[in-house]
Amino acid sequence: MSMWKRIAGAAFAAGVLALAVPADAAQPGVLVSGDNLPANVDPHQIFDVPMQLYSLNTYDNLYRYQGNPPKLEPWLAQSHTVSPDGLTWEFKLRPGAKFHDGSEIAADDVVYSFKRVLALGKAPSGAFKPVLKPENVTASDNSTVRFVLDKPYAPFLAAIPIVAVVNPRVVKANEVNNDWGSAWLASNGAGSGAYTLDAATYRPLERADLKKFDGHFLGWGDNPKAPRQIQILPTRETSTRVLALLQGSVDLTDSYLPTDQVERIQKSKGVHIEKNTSMRVFILRMNNKKPPFDNLNARKCFAHAFNYDGFIKEILKGYAERNPAPMPNNLWGYPKDIAGYDYDLKKAKAFCDQAKAEGAPIGRAIQIHTQSQLEQTNQAAQLFQSDLAQVGVNLKIVSDTWANITTNTAKAESTPDLWIHWVSTYFVDPENWVGQMYDSQFHGTWKASAWYQNARVDELLRKARVTVSQSERQPLYEEATRLIVADSPDIWVYNTVEIRGVTDRVKGFRFSPVGSGGEMRWVQLE
Amino acid sequence: MLRFILRRLLLVIPSLAGLLVLTFFLIRVVPADPAAALAGENASPAQIAEIRRQYGLDQPLYVQFAVYLGQVARLDFGESAYSRRPVALDIKLRLPATLELTLSALLFATLLGIPLGTIAAVHHNRWPDTLLRILSVGGVAIATFWFAIELQLLFAMKLDWLPLRGRLSPGLAAPPTLTGFYLVDSLVAGRLDAFRDALRHLALPAFTLSLGGLATIARFTRAGVLETLQKDFVTYERAQGFPPRALIWKFVLRNSVVAAITQIGLLFGGLIAGAVVVETIFDWPGIGFYTVQAILTADYKVMLAVTLLIGVVYALVNILVDVVHGLIDPRLREQD
């Protein structure tokens, strides 16, 4: 027995020694990002923030947003022209740009990409489908792409960066049953971007290795220290995410870092915080078709009962900017003189009393739906619940999911009384916010889930949509926004300040609200 | 014995059929519309309707169920609406990771839990027993996510001994797939570097996951051993002057662990459920996180396949437990 004991003891000690060696250190030239991956990697099937991160690195677009505030810059296109009626748009391609397989990017490839987006009919097609037929995207010559719109659509140029240009030769070779290669491209790459996907190691939502593409059209002369590889390894848990950053096994976190972790990172050596004002508006939606929210005074009561400053200063530690209107305050078309609603329970009580006198059922149990995996939505709901209780409103918090809520917003009856979400920068144009949120033609989509209706606002927004000149559109959006704020259909809280933890060996980080700073072309690794 | 196993296998069929019907209809009555989720954030109602038609979601439920049964019979679980890959392929890549984690946790809990329970019973009401009682209550009561984070802080951050997350170091290539269990595949391929790395990555998550099971097995073993110690045959053997150590570990234990082994079968289900939390904290690329994503995004084909598969694994583990029971206690086989 004693011999066995000794053997077991020795084996245990050997095991501990074998396992207990220093953990993984950062690898030279390899940037590890803990940011999220899209559900699949076909940029024509998905259009969300994780996809922006992926496609900004692996694909190119005709025009691309750069900087903060984002500026639209020529990318694969050198320039564009638009006819005076706003219907015909022509884009001249830059010569010599190449796909990852070495073939040159021609006008036909861009035409194929737009036709593919329209044919698949998924999220990226939303901005184009109402105004563009596939047959009206043509190549005038080898380097000119022409779009003829069914009707003038001013945000067309702003939406152009949504479409990633794919290599038709590679995609067509992998088509099955006329699926436009969608099953194949969901796990593979066919782009021309600064980095190329290593499909062999790709695992949906878990891992994507991107390798530097030496032949990228911008060249690498301005960035000799660019990472040779970017590994995207999403960290799912906030605590693990921050620990991995502090340990150096992850170079970048995502941009949803909770504010309570900021101090911890700031106090640690070898890491720092990148803090940038974005264009992501946090909103509490009210269902204007359901009593009591069909009553203006009831809506004003709710708008005055949210503790904006308390939420921003105490819960978000000041990492947000008060934004009292539906559009981000750093976008054109935002009326600078707008004051919005302040936190004042006396005013709230007075409006609620008025609403009650007008027959609004303020006393009924009102439900607010939060997104269970997004803690901030729960925090906002709890704060609101305690304040509303003081003005006699019984608010019930319902934990829900994005998929479920957005399904229910298809009809006014099934849309929650209240729910909470952000509107991110899908394209930089007031149409992305005020246009699609408050024009009644969008009823049935999650963005228009306030079910707001105002004939004058509809008229202004529709006119702005078909007017090409920005200087003429600006006053239209300003007037529409003032009218909307006066009607108080929703509760607009803040414009996001994005916070990302970064290791000190990462230099040259550039932020743009489009893609939330996910474009790595400019990053250097020391 | 063969008849015993066959009978157990036959009993699984109605359970799985029930599971198949129940999951299909339960998942389809959830209000989230898979077509709306599939169409994406910026889709118009017309786009959603088109997708509903494309995926056959506009058909009556019984038609959809018939189509689904046909697919399951061919072991075709369809395509994930999100990754656009065959669900079977995604599961094949992930299930071994979860099984390696849960089975390691179960093995650890059993190998440690049974001796600990026995020692506690033998030292009834003395300090080893008291210590075990404290530990076993703690083991069941401690929140897994808290314990996991504490382990990360100590072993990965402070001591820098074990990795924080993942299944293998990023720079290391995975061993050629044979079973999907990295520990087994790396040994078969003679890749000792990968074996060591995989073991280091497995240590913290498996230990975290094993904690509840370890406490349960130890408590049931303790109770079983205490009961057996009161039996006449033990008194008789003692009176005969049988060496006490051999008596405990050879005879008493064999007569005491039936209840603990039953627990192992039941624990396995709990471990798979617990793996969701552990996989999330340690970024373990298993089926747990995949399933949670599927639920959040209403990817119903994945939900159906995973539920069914976990049902099958759970049933198989319980058959195995029954067989072990039969081996330990021949009376059970005869009763059957």
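Quick note: structure is the one above.
Residues numbered from 1 in each chain as written. Chains lettered and ligands numbered in written order. Predicted model: local features only at pLDDT ≥ 70, side-chain atom pairs only at ≥ 80, totals over all residues. Heavy atoms only, no water.

### Observations concerning the overall build of chain A
Move 1: A tally of helices and strands in chain A yields 16 helices and 18 strands.
Move 2: Over its C-alpha atoms, taken along the principal directions, chain A stretches across nearly 85 × 80 × 45 Å.
Move 3: Out of the 526 residues belonging to chain A, those deemed buried represent 61%.
Move 4: Contacts in chain A between residues far apart in sequence, at least 24 positions, make up 70% of those at least 6 positions apart.
Move 5: When the accessible surface of chain A is split by element, carbon and sulfur atoms take 53% of a total near 19200 Å².
Move 6: Of the side-chain charges in chain A, 57 are positive and 56 negative, and the distance between the mean point of each set is 3 Å. (Helix = DSSP H or I, 4+ residues; strand = E, 2+ residues; numbered from the N terminus. Buried < 20%, exposed > 50% of the residue type's maximum accessible area, 1.4 Å probe, protein only. Contact = heavy atoms within 4.5 Å. Areas by Shrake-Rupley, 256 points an atom, 1.4 Å probe, with all protein chains shown as cover. Lys, Arg positive; Asp, Glu negative; His and termini not counted. Charge placed at Lys NZ, Arg CZ, Asp CG, Glu CD.)

### Considering empty space enclosed by the protein
Move 1: Overall, the coordinates contain three cavities of 30 Å³ or more when judged by the stated rule.
Move 2: Empty space within the largest cavity amounts to approximately 80 Å³.
Move 3: Contributing to the lining of the largest cavity are P34, L38, Y55, L57, E79, A81, Y82, A298, D299, Y300 and K301 of chain B.
Move 4: Those elements that place two or more of their residues in the lining of the largest cavity are helix 2 (34-39) and helix 14 (300-328) of chain B.
Move 5: Its residues placed into classes, the lining of the largest cavity shows eight nonpolar, no polar and three charged.
Move 6: Lining the second largest cavity, in full, are S33, L53, N57, L210, I230, I232, G518 and M520 of chain A.
Move 7: Looking at the lining of the second largest cavity, the elements that each hand over two or more residues are helix 2 (49-58) and strand 10 (229-232) of chain A. (1 Å grid on protein atoms, 1.4 Å probe; cavity = no way out; pocket = protein on both sides within 12 Å on 5 of 7 lines; lining within 4 Å. Points joined across faces, edges and corners; volume = space filled by probe spheres on them. Nonpolar A, V, L, I, M, F, W, Y, C, P; charged D, E, K, R; others polar.)

### Looking at the environment of I105 of chain A
All names here are of chain A.
Move 1: Assignment of secondary structure puts I105 in the loop between strand 5 (88-93) and helix 3 (107-120).
Move 2: Residue I105 is classed as buried on the basis of its relative accessible area, which comes to 8%.
Move 3: C-alpha separation for the pair I105 and R94, spaced 11 residues apart in sequence, amounts to 9.0 Å.
Move 4: Once residues within four sequence positions are removed from consideration, I105 is found in contact with L76, L93, A97, K98, F99, V165 and S192.

### Side note on the interface of chain B and chain A
Move 1: Taken together, the contact pairs 53 residues of chain B with 55 residues of chain A.
Move 2: Regarding the contact of chain B and chain A, the summed buried area is about 4600 Å², with carbon and sulfur atoms giving 54% of it.
Move 3: If you look at where chain B meets chain A, you find one salt bridge.
Move 4: Its salt-bridge partner being E206 of chain A, residue R94 of chain B comes within 3.1 Å of it at the nearest N-O pair.
Move 5: Run the count over chain B and chain A and you get 13 residue pairs in polar contact (both at pLDDT 80 or more).
Move 6: Where the side of chain B that touches chain A is concerned, the elements lending two or more residues are helix 2, helix 3 (45-54), helix 5 (87-122), helix 7 (144-158), helix 9 (192-229), helix 12 (258-281) and helix 13 (287-296) of chain B.
Move 7: Residue contributions to the side of chain B that touches chain A peak at five residues, all from helix 7 of chain B.
Move 8: Partitioned by chemical class, the residues of the side of chain B that touches chain A number 27 nonpolar, 12 polar and 14 charged. (Buried area = accessible area lost by both parts, 1.4 Å probe. Salt bridge = Lys/Arg side-chain N within 4 Å of Asp/Glu carboxyl O. Polar contact = N/O pair within 3.5 Å; in protein donor to acceptor, adjacent residues only side chain to side chain.)

### Examining helix 15 (residues 455-466) of chain A
Since the α-helix turns once every 3.6 residues, residues separated by three or four places project in the same direction.
Residues and elements named next belong to chain A.
Move 1: A rise of 1.5 Å per residue sets the reference length of helix 15, with its 12 residues, at 16 Å; its end C-alpha atoms lie 17 Å apart and thus fit the reference within 8%.
Move 2: Buried within helix 15 are the following residues: V457, D458, L460, L461, A464 and R465. Viewed along the axis of helix 15, the buried residues span an arc of 165°, placing them on a single side of the element. Across helix 15 from its buried face, at more than 90 degrees, point the exposed residues A455 and K463.
Move 3: Looking at the buried residues of helix 15, the elements they touch are helix 14 (434-438) and helix 16 (470-487).
Move 4: Where helix 15 starts, the residue carrying a side-chain oxygen 3.0 Å from the main-chain nitrogen of R456 turns out to be N454. (Expected span 1.5 Å × (residues − 1). Arc of directions from axis to C-beta.)

### Focus on the pairing of strand 10 of chain A
Residues and elements named next belong to chain A.
Move 1: A two-sided burial pattern is seen for strand 10, the buried positions comprising Q229 and Q231 on one face and I230 and I232 on the other.
Move 2: In terms of strand pairing, strand 1 (residues 30-33) meets strand 10 through four bridges, oriented parallel. Its bridge partner being in strand 10, L31 is matched across the sheet by I230.
Move 3: Here four bridges tie strand 9 (residues 208-212) to strand 10, and the two strands are oriented antiparallel to one another. Considered in strand 10, the bridge of K211 is made with Q229. (Pairing = 2+ DSSP bridges.)

### Some thoughts on the packing of aromatic side chains
All names here are of chain A.
Move 1: As enumerated under the stated definition, the model contains 34 aromatic pairs over all chains in all.
Move 2: With a centroid separation of 4.9 Å and an interplanar angle of 10°, the aromatic rings of F282 and Y494 are classed as stacked. In this pair, F282 sits in strand 11 (residues 271-286) while Y494 sits in strand 16 (residues 490-503), placing the two residues 212 residues apart along the sequence.
Move 3: The class of F282 is buried, set by a relative accessible area of 0%.
Move 4: Ring centres of W402 and W419 lie 5.9 Å apart, and the angle between their planes is 55°; on these two criteria the pair is classed as tilted. Of the two residues, W402 is situated in helix 13 (residues 402-408) and W419 in strand 15 (residues 418-423); the sequence distance between them amounts to 17 residues.
Move 5: According to the relative accessible area criterion, W402 is partly exposed, its value standing at 21%.
Move 6: Under the relative-accessibility criterion, W419 is labelled buried at 0%.
Move 7: Geometry around W220 places R521 over its ring, the cationic atom sitting 4.5 Å from the centre. (Phe/Tyr/Trp six-rings, centres within 6.5 Å; stacked < 30°, edge-to-face > 60°. Lys NZ or Arg CZ within 6 Å of the ring centre and 35° of its normal.)

### Things to note about unusual backbone geometry
Move 1: With an omega of 0°, the peptide bond running from N68 of chain A to P69 of chain A counts as cis.
Move 2: Here the residue pair P291 of chain A and P292 of chain A is connected by a cis peptide bond, since its omega of 5° sits within 30 degrees of zero.
Move 3: In this structure, P292 of chain A sits in the loop between strand 11 and helix 9 (296-304).
Move 4: Even without being glycine, N125 of chain B reaches a positive phi, approximately 65°.

### Here's the deal with a nonpolar patch on the surface
Move 1: Taken together, the side chains of F108, L112, L116, I119 and W249 of chain B define a hydrophobic patch exposed on the protein surface, amounting to about 400 Å² of accessible area.
Move 2: It is helix 5 of chain B that provides the largest number of residues to the nonpolar patch, a total of four residues. (Patch = residues over 30% accessible without salt bridge, like charges linked within 9 Å, V, L, I, M, F, W, Y side chains within 5 Å.)

### Let's talk about the side chain of R64 of chain A
Residues and elements named next belong to chain A.
Move 1: Relative to the helices and strands, R64 resides in strand 2 (residues 63-66).
Move 2: Side-chain polar atoms of R64 contact the backbone oxygen of L56, separated by 2.9 Å.
Move 3: In contact with R64, other than residues within four places in its own chain, are S55, L56, Y59, K71, L72, E73, W75, P161 and E519.

### Description of the nonpolar core
Move 1: By size, the foremost hydrophobic cluster in this structure holds 112 residues, and its most contacted members are L31 of chain A together with Y68 and I91 of chain B.
Move 2: Excluding anything up to four places from it in sequence, Y68 of chain B contacts L20, F24, L304 and L308 of chain B.
Move 3: Judged by nonpolar contacts, the second largest core, of 111 residues, contains A325, L345, I420 and Y477 of chain A. (Core = buried A, V, L, I, M, F, W, Y, C linked by side-chain atoms within 4.5 Å.)

### Observations concerning the packing of helix 5 of chain B against helix 14 of chain B
The angle between the axes and the distance between the axes are what describe a pair of packed helices.
Residue and element names in this part refer to chain B.
Move 1: At a minimum axis distance of 11 Å, the contact between helix 5 and helix 14 shows a crossing angle of 45°. Judged by the inter-axis angle, helix 5 sits oblique to helix 14. Helix 5 and helix 14 meet at a crossing whose hand is right-handed. Packed against helix 5, whose contacting residues are V87, I91, L95 and L99, the element helix 14 presents K301, V302, A305, V306, L309 and V313 at the interface.
Move 2: Considering only residue class, the contact of helix 5 with helix 14 consists of nine nonpolar, no polar and one charged. (Axes fitted to C-alpha atoms, helices over the stretch in contact; angles between N-to-C directions. Parallel < 35°, antiparallel > 145°, perpendicular 65-115°, else oblique. Left-handed = near helix turned anticlockwise from the far one by under 90°.)

### Quick word on the sheet that holds strand 1 of chain A
Residues and elements named next belong to chain A.
Move 1: A sheet is described by the order of its strands in space; here four strands give the open sequence 1-10-9-8, paired in mixed fashion. Looking at the sheet topology across the chains shown, the edges are occupied by strand 1 and strand 8 (195-197). Averaged over all pairs of adjacent strands, the angle between strand axes in this sheet comes to 25°, irrespective of strand direction.
Move 2: The pairing of strand 8 with strand 9 spans three bridges and is antiparallel. Considered in strand 9, the bridge of L197 is made with L210.
Move 3: Against the sheet, helix 2 engages strand 8, strand 9 and strand 10, with an angle of about 115° to strand 8.

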